[in-house]
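In case you want the letters, here they are:
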Amino acid sequence: MKGFANSIIRIDLSTGDIKKEKINEEWARDYIGGRGLAGKMLYEEVGPKVDPLSNENKIFFALGPLAGTGSPSGNRVMTVTKSPLNNTLACSNAGGFWGLELKRAGYDMVILEGKSEKPVFISIIDDDIKIEDASSLWGLSTSEVTDKLEEKYPKSRSISIGPAGEKLSLISSVMIDKSRASGRTGVGAVMGSKMVKAIVVKATKPKKPEIYDSEAFKKARETALKKLKENPVASQGLPSYGTAVLVNIINNVGGFPYKNAQDAYMKDAEKISGEYLAEHYLTKNKACAGCPIVCGRVTKVESGSFKSEGEGPEYETIWSLGAMCGINDMEAIIKAHHLCDFFGLDGIATGSTIACAMELFEKGYIKKDEVGFDLVFGNGEAMVKAVELIGKREGFGDKMALGSYRLAESYGHPELSMSVKKQEFPAYDPRAIKGIGLEYATSNRGACHVRGYTIAAEVLAPEPVDRLSYDGKAELAILFQNLTAVVDSSGTCLFTTFGMELSDFANLLKSATGFDYDEKSALLAGERIWNLERLWNIEVGYTKDDDTLPERMLKESIQTGPSKGEVTDISKMLPEYYRLRGWDENGIPTDTKKKELGISQ
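Nothing here was measured: the structure is a model prediction, and the numbers come from that model.

What counts and how
Residues numbered from 1 in each chain as written. Predicted model: local features only at pLDDT ≥ 70, side-chain atom pairs only at ≥ 80, totals over all residues. Heavy atoms only, no water. Core = buried A, V, L, I, M, F, W, Y, C linked by side-chain atoms within 4.5 Å. Buried < 20%, exposed > 50% of the residue type's maximum accessible area, 1.4 Å probe, protein only. Helix = DSSP H or I, 4+ residues; strand = E, 2+ residues; numbered from the N terminus. Contact = heavy atoms within 4.5 Å. Pairing = 2+ DSSP bridges. Axes fitted to C-alpha atoms, helices over the stretch in contact; angles between N-to-C directions. Salt bridge = Lys/Arg side-chain N within 4 Å of Asp/Glu carboxyl O.

A. A look at the nonpolar core. The biggest cluster of nonpolar side chains holds 151 residues, and the ones touching the most others in it are Phe-256, Ile-354, Leu-375, Met-383, Tyr-428 and Tyr-577. When residues of this core are assigned to their parent elements, the largest contribution, nine residues, is made by helix α13 (residues 347-362). Excluding its chain neighbours within four sequence positions, the residues that come into contact with Met-383 are Leu-321, Cys-325, Ile-327, Ala-332, Ile-333, Ala-336, Ile-354 and Met-358.

Structural data, given as structure tokens:
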């Protein structure tokens, strides 16, 4: 087993038993690592039928085989479990430095099973692994607990949950190094249900993974770095303005959902753009471990009611806490983003849930005496207050902590939740960009952009495909979905794909692990991972009827801007998508497809 550390830590919180075990080599080859390997293990060990917040569920913190090798941006952590938000096979990933430190300590994965009777944290100091009392840490924010653990273990790295995860918010996140979020699908609640506050790692005698073919790996790495340096998005746009460089780009094509997606164009979007953020609030850039792109933002609001300092906001939270809520006050957005990190909340879901609540409030479905203040579009102070209430699960925040779908459903208007399979969609309006709509509808973890980022081809490419056309979008979505499964499972940041190609990932994986990957076999592994996740969802009870978009996207046209008048029609893409996937007319993988991929149930 080259590339891998070939060591998994398995901790039974109910019994206190701690084991180390080897990786299943066949599964590692077929599912690559990270998202794919941990997903396969969850499928086999837990299955789709368990209660996500029960003792029977497990949570995996998994690295890809490229972690610690020096591969560009290859140190991401995949948090894999059964989602309490929507029962999908959840995988939410984040950067930071924890993944690199775990690999240096000699491990590829940490598995938590069972449940502790009291708050605990896990310490991994080289070969010394302990379950330790966390009573004094319970209730602390993610930044506070990280600081406390670093006091005890200098130069360590931590994964933690905040109060939102402790209180089982279905939109809670797992945070790495205070501000890198495994945000989607409510993974923080699973960690909280097991009474685990944090996992701290320190490698006092750092280990390096053994590379199968050092010369070939060196060449593949140099080729990848050269491509990233030559790509304008990776080498200029993201370093200069972070992901928020997209605000003006997406708004200018009329695909920037506004006021709970009642529109898709914001006239004064410049006030919340990456350019504006860099000019007025940026203090420095910050990179994740081994990243040549350096897209992270450290920001500061010097004074006033929104005084704050920390990392972010990113494009998604500028949108969800800004445009989606009708807010053009960058200081309110910065404060709210920092609070999401503080409490351990998914910034996309939090902002979109508040936007949903604002529309319910303005339409009279939610009364002021329920909320205690005017929760209306454009009110930055109300939005920030709502984030605090969600993080603490206090007052009306207790309802919002369950996400927009359950909130809207409780008032008899689920159609006002901009979600797919109960997960809020991100900052790209599918009426204006057709391919991303198909990705939202078919994504295996609910509405998601990073599982199949067709935006790269539909908007950002030098010669983009027609974003308003349905032609070819099924094939495009499938390609991006399979490729992203490869990227995630390798442990690499998706942003590398602005410059790196499938061949680069195949070459890096082959030379690092010795597994005989080429472009075809790597992409086949991605397809295998996607189909396994699909089969999980079918066993949970999802059907083709769930492969759709919010009613607003299908029936209410965009009101203003470059995409005025557009709606979307999933039925023009979905049958072709199923056919190209090798699924039947109901969206179920056929026996022939399962046999081709080597998937047995």
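B. Region of the structure containing the sheet that holds strand β4 (residues 77-82). The sheet built from six strands is open, its strands ordered β2-β1-β6-β3-β4-β5 with mixed pairing. Across the chains shown, the open sheet's two edge strands, defined by having one partner strand only, are β2 (17-21) and β5 (89-94). For this sheet, the mean angle separating the axes of adjacent strands, direction not counted, is 15 degrees. Sheet topology note: the strand β3 (residues 58-62)/strand β6 (residues 109-113) ladder contains five bridges and is antiparallel. Directly across from Ala-62, in β6, lies its bridge partner Met-109.

C. Seen up close, the pairing of strand β8 (residues 128-133). Relative to β8, strand β7 (residues 120-125) is paired through six bridges, and the arrangement is antiparallel. Within β8, the residue paired with Ile-125 across the bridge is Asp-128. From the end of β7 to the start of β8, which pair antiparallel, there are two residues, and Asp-126 there has a positive phi angle of about 55 degrees.

D. Representation of the pattern of salt bridges within the structure. A full pass over the atoms with the stated rule returns 40 salt bridges. A salt bridge links Arg-10 to Glu-21; the shortest N-O distance between them is 2.8 Å. Of this pair, Arg-10 sits in strand β1 (residues 8-12) while Glu-21 is found in strand β2, placing the two residues 11 residues apart along the sequence. Judged by relative accessible area, Arg-10 falls into the buried class, the value being 11%. Residues Lys-473 and Glu-458 are paired through a salt bridge, measuring 2.6 Å at the closest nitrogen-oxygen approach. Of the two residues, Lys-473 is situated in helix α20 (residues 473-490) and Glu-458 in helix α19 (residues 455-460); the sequence distance between them amounts to 15 residues. Just as Lys-473 is buried, Glu-458 falls in that class too. A single network of salt bridges, built from pairs that share partners, joins Arg-10, Glu-21, Glu-45, Lys-58 and Glu-113.

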